[in-house]
Amino acid sequence: MKILFFNPYITCPTGGGVERVISEMHRFLTGSGHHIFTAYYRNTENVCDPIPDQMRLPEETGDSDANRHALTRLIEKENFDLAINFGAMYGTGSRAFVEAAAQTGLRVISVYHNTLDWVLWDHPKVRPLMMRKLLRTPLRMLLGLAQKLPGRHNAHYTSRHSEACVLLGECYFSQFRRLIDRKTKRLRAIHNPLSLDPGADTFERLKDRKENVVLFVGRLTAQKNIHALLRAWKEACREGWRLEIVGDGPEKESLMSLAENLGISDSVSFEGHRNNPEDYYRRARVFAMTSIFEGYPMTLIECQAFGCVPVITDSYPAASEIVDDGRNGRLSGPEKFSGTLRELLADGNAIDRMAREAMGESRKYSVPEIAARWNGLINEICSSDDNRRQE
């Protein structure tokens, strides 16, 4: 089967979370016998080992006529069986892609790789308002109205012209209906696949390699709210423990300055970007995340697979779907995070117990499990298309 992927950015396995997911999907769908081609319209810095068969569209303005015409010509030339739209969250290019597919009769699955109100959290002027709980509902109502109006960010159009809308968890279904399409019956939940494989390791095998390390892995951006993590670390830090921050980004210098000003530099290390953070997961006992918003964070799934216990804030719907507080990790309100972290670090037996549970829970994100769900959805849509043509 010939499948066309669409993503705003060039895709490589060492990119951000979405690019890593797409790379893994490319690998397992190709392994299932499908031929994958990818269209994109923006390059990124430090591209390393991109997946094969990618075509860059003519213009960086995703919704341009030139891009729409190029997509239409590509679809007509290659005669694809199905398209998967990974840009459904990210505005203009998604609509151009869906319009080109609709014009040529190509069926589309649209994938939503974030919380659906991400644009509110991501906007520097709106974010302070979203931090005030009483304002979140009216702001989301305004966003929902805006998504249904004709315009370049028309998520409602993308939903209505997709055979299925794949969300990262059922926890986002109500949000989708509230913000994008109240009447849709096309929603599916498929988690991100686990891109790092612990192999045959069990917690008993990993336990002796564990160190008293609290780990963060991710981009150093405002979204990740690492300033809050550093302030919490000042309150929660115990003798013999250290905080390791793996990643790079625009906030690195200010974070290093904050660590120095807080007097915690001796127990905090900034490790920089790592293409493969697997060794960090294997060594760390605890994983800490204080993000303002997330979709279904890859690092949160990865840490559990290596017996690294997550302690996270409950600031996005998937948090409570991934972490069952007290069983496979700790879930905390932002204002109580430092106390929750301090309590966890003081209880080694609880860390070990939750690490075992976390490793077992992570199996549902394994590549074979996620590949089977994607192949099932693809076959369902394509077989219904065949039946429709026969009628």
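Participant: So what exactly am I meant to see when it comes to the overall build of the chain here?
Facilitator: Tallying secondary structure elements over the chain gives 17 helices and 13 strands in all. Relative to the 2.2 N^0.38 estimate, which gives 21 Å for 391 residues, the radius of gyration of the chain is 21 Å and therefore close to what a compact globule would have. Dimensions of the chain, computed from the C-alpha atoms along their principal axes, are close to 70 × 45 × 35 Å. The buried share among the 391 residues of the chain stands at 57%. Of the accessible surface of the chain, which amounts to about 17,500 Å², a share of 47% is contributed by carbon and sulfur atoms. Considering the chain, the positive charge centre built from 52 side chains and the negative charge centre built from 51 side chains are found 5 Å apart.

Participant: What exactly am I supposed to notice about the sheet that holds strand E1 (residues 2–6) here?
Facilitator: Each strand in a sheet pairs with its neighbour through backbone hydrogen bonds, running either in the same direction (parallel) or in the opposite one (antiparallel). The seven strands are arranged E3-E2-E1-E4-E5-E6-E7 in an open sheet whose pairing can be described as parallel. Looking at strand neighbours, the two that pair on one side only are strand E3 (54–56) and strand E7 (187–189), the edges of this open sheet. Here the average twist between neighbouring strands, direction ignored, is 25 degrees. With three bridges connecting them, strand E6 (residues 164–167) and E7 associate as parallel partners. Looking at the pairing, Cys165 lines up with Leu187 of E7.

Participant: Would you mind showing me how to read the nonpolar core here?
Facilitator: Burial of nonpolar side chains together is a common tendency in soluble globular proteins. The biggest cluster of nonpolar side chains holds 50 residues, and the ones touching the most others in it are Tyr112 and Phe287. When residues of this core are assigned to their parent elements, the largest contribution, four residues, is made by helix H13 (residues 298–305). If we ignore the near neighbours within four places in the chain, the residues touching Tyr112 are Ala88, Met89, Ala155, Thr158, Ser159, Cys165, Val166, Leu167, Leu168, Phe176 and Ile180. Judged by nonpolar contacts, the second largest core, of 33 residues, contains Leu258, Ala288, Ile351 and Met359.

Participant: Explain the pattern of salt bridges to me, please; I cannot follow it from the model alone.
Facilitator: Opposite charge on two side chains permits pairing when their charged atoms draw close. Evaluation of the coordinates by the stated rule reveals 27 salt bridges. Note that Glu163 is salt-bridged to Arg107, the shortest N-O span being 2.7 Å. Of this pair, Glu163 sits in the loop between helix H7 (155–160) and E6 while Arg107 is found in the loop between helix H3 (92–104) and strand E5 (108–112), placing the two residues 56 residues apart along the sequence. Relative accessible area serves as the criterion here: at 32%, Glu163 is assigned to the partly exposed category. A salt bridge links Asp181 to Arg160; the shortest N-O distance between them is 2.7 Å.

Participant: In this structure, what is going on with the packing of aromatic side chains? I would like to understand it.
Facilitator: The way to describe two aromatic rings as a pair is by their centre distance and the angle between their planes. Here the structure, examined in full by the defined rule, presents eight aromatic pairs. Their ring planes at 15 degrees and their centres at 4.8 Å tell us that Phe6 and Phe97 sit as a pair that is stacked. One end of the pair, Phe6, is in strand E1; the other, Phe97, is in helix H3, with 91 residues separating them in the sequence. Phe6 sits in the buried class, given a relative accessible area of 1%. Plain terms: the ring middles of Phe37 and Phe80 are 6.3 Å apart, the flat faces sit at 50 degrees to each other, and that makes the pair tilted. Residue Phe37 is found in strand E2 (residues 35–40), and its partner Phe80 is found in the loop between helix H2 (65–78) and strand E4 (82–85); the two are separated by 43 residues along the sequence. Phe37 gets classed as buried once you look at its relative accessible area, which sits at 16%. The structure contains a cluster of three or more aromatic residues connected by ring pairs, namely Phe6, Tyr41 and Phe97. Positioned above the aromatic ring of Tyr157 is the side chain of Arg95, whose terminal nitrogen or guanidinium carbon lies 3.9 Å from the ring centre.

Participant: Honestly, the confidence of the model for the chain in this entry has me stumped. Any pointers?
Facilitator: Should the pLDDT be low somewhere, the predicted coordinates at that spot are not to be read in detail. Of all residues in the chain, 95% attain a pLDDT of 70 or more, and the chain-wide mean is 90. Residue range residues 387–391 is modelled with pLDDT below 50. Its contacts to residues more than four positions away, or to other chains, number one contact.

Participant: Looking at this model, I keep getting lost on unusual backbone geometry. Mind explaining?
Facilitator: Excluding glycine, a negative phi dihedral is what most residues carry, and trans is how most peptide bonds are arranged. Although it is not a glycine, Asp53 sits at a positive phi angle of roughly 60 degrees. Note on placement: Asp53 falls in the loop between E2 and E3. By relative accessible area, Asp53 is classed as partly exposed at 37%. In the Ramachandran plot, Asn225 falls in the positive-phi region, its phi being about 55 degrees despite a non-glycine side chain. Residue placement: Asn225 occurs in the loop between strand E8 (211–217) and helix H10 (226–236).

Participant: Before we go on, may I ask you to explain the environment of Ile301 in this structure?
Facilitator: With respect to the secondary-structure elements, Ile301 resides in helix H13. Apart from residues no more than four positions distant in its own chain, Ile301 is found in contact with Asn192, Leu194, Tyr296, Ser362 and Tyr365.

Participant: I tried to follow the side chain of Asn328 on my own but got confused; where do I start?
Facilitator: By secondary structure assignment, the location of Asn328 is in the loop between helix H14 (318–322) and strand E13 (330–332). Judged by relative accessible area, Asn328 falls into the buried class, the value being 0%. For Asn328, the side chain forms a polar contact with the main-chain oxygen of Ile322, separated by 3.0 Å. Of note is the side chain of Asn328, whose polar atom sits 2.7 Å from the backbone nitrogen of Asp324. In contact with Asn328, other than residues within four places in its own chain, are Gln304, Pro310, Ile322, Val323, Met354, Glu357, Ala358 and Glu361.

Participant: Hey, could you run me through the packing of H10 against helix H15 (residues 337–345) in this one?
Facilitator: Two numbers describe a pair of packed helices, the interaxial angle and the distance between the axes. Taken N-terminus to C-terminus, the directions of H10 and H15 make an angle of 50 degrees; their axes are 8 Å apart at the nearest point. When the axis of H10 is compared with that of H15, the two are oblique. Crossing of H10 against H15: the hand is right-handed. Only Phe337, Ser338, Leu341, Arg342 and Leu345 of H15 make contact with H10, whose side of the interface consists of Leu229, Ala232, Trp233, Glu235 and Ala236. Classifying every residue of the contact of H10 with H15 gives seven nonpolar, one polar and two charged.

What counts and what doesn't
Residues numbered from 1 in each chain as written. Predicted model: local features only at pLDDT ≥ 70, side-chain atom pairs only at ≥ 80, totals over all residues. Heavy atoms only, no water. Helix = DSSP H or I, 4+ residues; strand = E, 2+ residues; numbered from the N terminus. Rg over C-alpha atoms; globule rule 2.2 N^0.38 Å. Buried < 20%, exposed > 50% of the residue type's maximum accessible area, 1.4 Å probe, protein only. Areas by Shrake-Rupley, 256 points an atom, 1.4 Å probe, with all protein chains shown as cover. Lys, Arg positive; Asp, Glu negative; His and termini not counted. Charge placed at Lys NZ, Arg CZ, Asp CG, Glu CD. Pairing = 2+ DSSP bridges. Axes fitted to C-alpha atoms, helices over the stretch in contact; angles between N-to-C directions. Core = buried A, V, L, I, M, F, W, Y, C linked by side-chain atoms within 4.5 Å. Contact = heavy atoms within 4.5 Å. Salt bridge = Lys/Arg side-chain N within 4 Å of Asp/Glu carboxyl O. Phe/Tyr/Trp six-rings, centres within 6.5 Å; stacked < 30°, edge-to-face > 60°. Lys NZ or Arg CZ within 6 Å of the ring centre and 35° of its normal. pLDDT = per-residue confidence, 0-100. Polar contact = N/O pair within 3.5 Å; in protein donor to acceptor, adjacent residues only side chain to side chain. Parallel < 35°, antiparallel > 145°, perpendicular 65-115°, else oblique. Left-handed = near helix turned anticlockwise from the far one by under 90°. Nonpolar A, V, L, I, M, F, W, Y, C, P; charged D, E, K, R; others polar.

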